[in-house]
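Inside the fold
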Amino acid sequence: MTAEPLPAWFMPPPGGWTADHMDNLPPGVPRMELIDGALVLLSPQTKFHSRVMVNLVHDLQAVAPEDVDVLAEMTMKLGRHQRPEPDLVVYRDRSDGNETDTHVLPEDVLVVVEIVSQESRERDRTTKPLKYAQAGIPHFWRIEREENGPAIHVYELDGTKDPRYVPVTIARERLKLDVPFPIDIDVKALAPR
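A quick note: this is a predicted structure, and the numbers were derived from the prediction, not measured. (Residues numbered from 1 in each chain as written. Predicted model: local features only at pLDDT ≥ 70, side-chain atom pairs only at ≥ 80, totals over all residues. Heavy atoms only, no water.)

Let's talk about the overall build of the chain
Spelled out, the test is: Helix numbering and strand numbering both begin at the N terminus, where a helix is a DSSP run of H or I of at least 4 residues and a strand a DSSP run of E of at least 2. The reference for a compact globule is 2.2 Å times residues^0.38; the radius of gyration itself is calculated from the C-alpha atoms. Partly exposed residues are those whose accessible area sits between 20% and 50% of the maximum for their type, while under 20% is buried and over 50% is exposed, using a 1.4 Å probe and protein chains only. Only heavy atoms enter the contact rule, under which two residues are in contact if any of them lie within 4.5 Å. Surface exposure here means Shrake-Rupley accessible area, sampled with a 1.4 Å probe, where a residue is shielded only by the protein chains that are shown. Positive charges come from Lys and Arg alone, negative charges from Asp and Glu alone, with His and the N- and C-terminal ends not counted. Just so you know, the charge point we use is NZ for Lys, CZ for Arg, CG for Asp and CD for Glu.
Secondary structure assignment for the chain yields two helices and 12 strands. Of the regular secondary structure in the chain, the N- to C-terminal order runs β-β-α-β-β-β-β-β-α-β-β-β-β-β. By the compact-globule yardstick of 16 Å for 193 residues, the chain fits well, its C-alpha radius of gyration being 17 Å. Across the 193 residues that make up the chain, the buried fraction comes to 42%. The contacts in the chain between residues at least 6 apart in sequence include a share of 51% that link residues at least 24 apart. When the accessible surface of the chain is summed, it comes to about 10,900 Å², and 52% of that surface belongs to carbon and sulfur atoms. Side-chain charges in the chain split into 22 positive and 32 negative, and the spacing between the mean points of these groups amounts to 6 Å.

A short note on the pairing of strand β11 (residues 174-177)
Under the convention used in this document: We treat two strands as partners when DSSP finds at least two bridges between them.
Of the two faces of β11, the one holding Leu175 and Leu177 is buried and the one holding Arg174 and Lys176 is not buried anywhere. As paired strands, β11 and strand β12 (residues 183-186) are joined by four bridges and run antiparallel to one another. Bridge assignment links Leu177 to a residue of β12, and that residue is Ile183. Connecting β11 to the antiparallel partner β12 that follows it, the hairpin turn spans five residues.

Quick look at the nonpolar core
The test is simple: For our purposes a nonpolar core is just a set of buried Ala, Val, Leu, Ile, Met, Phe, Trp, Tyr and Cys residues, chained together by side-chain atoms within 4.5 Å.
In this structure, Leu56, Leu60, Val113, Trp141, Ile152, Leu175 and Ile185 are the most contacted members of the largest nonpolar core, which totals 28 residues. Of all the secondary-structure elements, those providing two or more residues to this core are α1 (47-63), β3 (68-72), β5 (88-92), β7 (109-115), β8 (139-146), β9 (149-157), β11 and β12. Not counting residues within four places of it along the chain, the set of residues in contact with Leu175 comprises Trp141, Ile152, Val154, Thr169, Ile183, Asp184, Ile185 and Val187. Membership of the second largest hydrophobic core comes to 14 residues, among which are Val89, Tyr91, Tyr132 and Phe140.

Quick notes on unusual backbone geometry
A negative phi angle characterises most non-glycine residues, just as the trans form characterises most peptide bonds. The omega torsion across Val179 and Pro180 is 5 degrees, close enough to zero to call that bond cis. Checked against the element boundaries, Pro180 lands in the loop between β11 and β12. In this structure, Glu73 is a non-glycine residue whose phi angle is positive, near 55 degrees. Locating Glu73 in the fold gives a position in the loop between β3 and β4 (75-76).

See below:
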């Protein structure tokens, strides 16, 4: 049995894929992100991943200031060849109410959240945090599934000329933070057993 040929839209355009090309893909294509000019197909998520994402969106929206919004699975344009799709983006909503936007600009982002999956482990732990730090996003959270439930690894930029994230805390019971705004989250309740 031979493999079916790749669809024409999947072939890189002259000069390679750019962040702007992502808006011109045909309807019905699978969810993807662009990392270093390469399209990365996103796998179906687990129940753990989905529960944590939905519950965290709810918790963050409940405490976010009026001008801050929380979106799930929204891409960010970080440069010509970078358009990752974090699990959650907490951003200052400066839009004019345009509901057709397909991405968030990094200068508006306060926190990006990645919920680590089997297939995305390397990207979520190494590749994407580096891209987020280089884009100047001040806070990064990585959520890992542990034996007793979720663990939120909280990082913030170190403020140097060569931006990188430094660890702040790992929360397994409650996450209490003062920045980027007051946050108090019951971590265990994100994925009830």
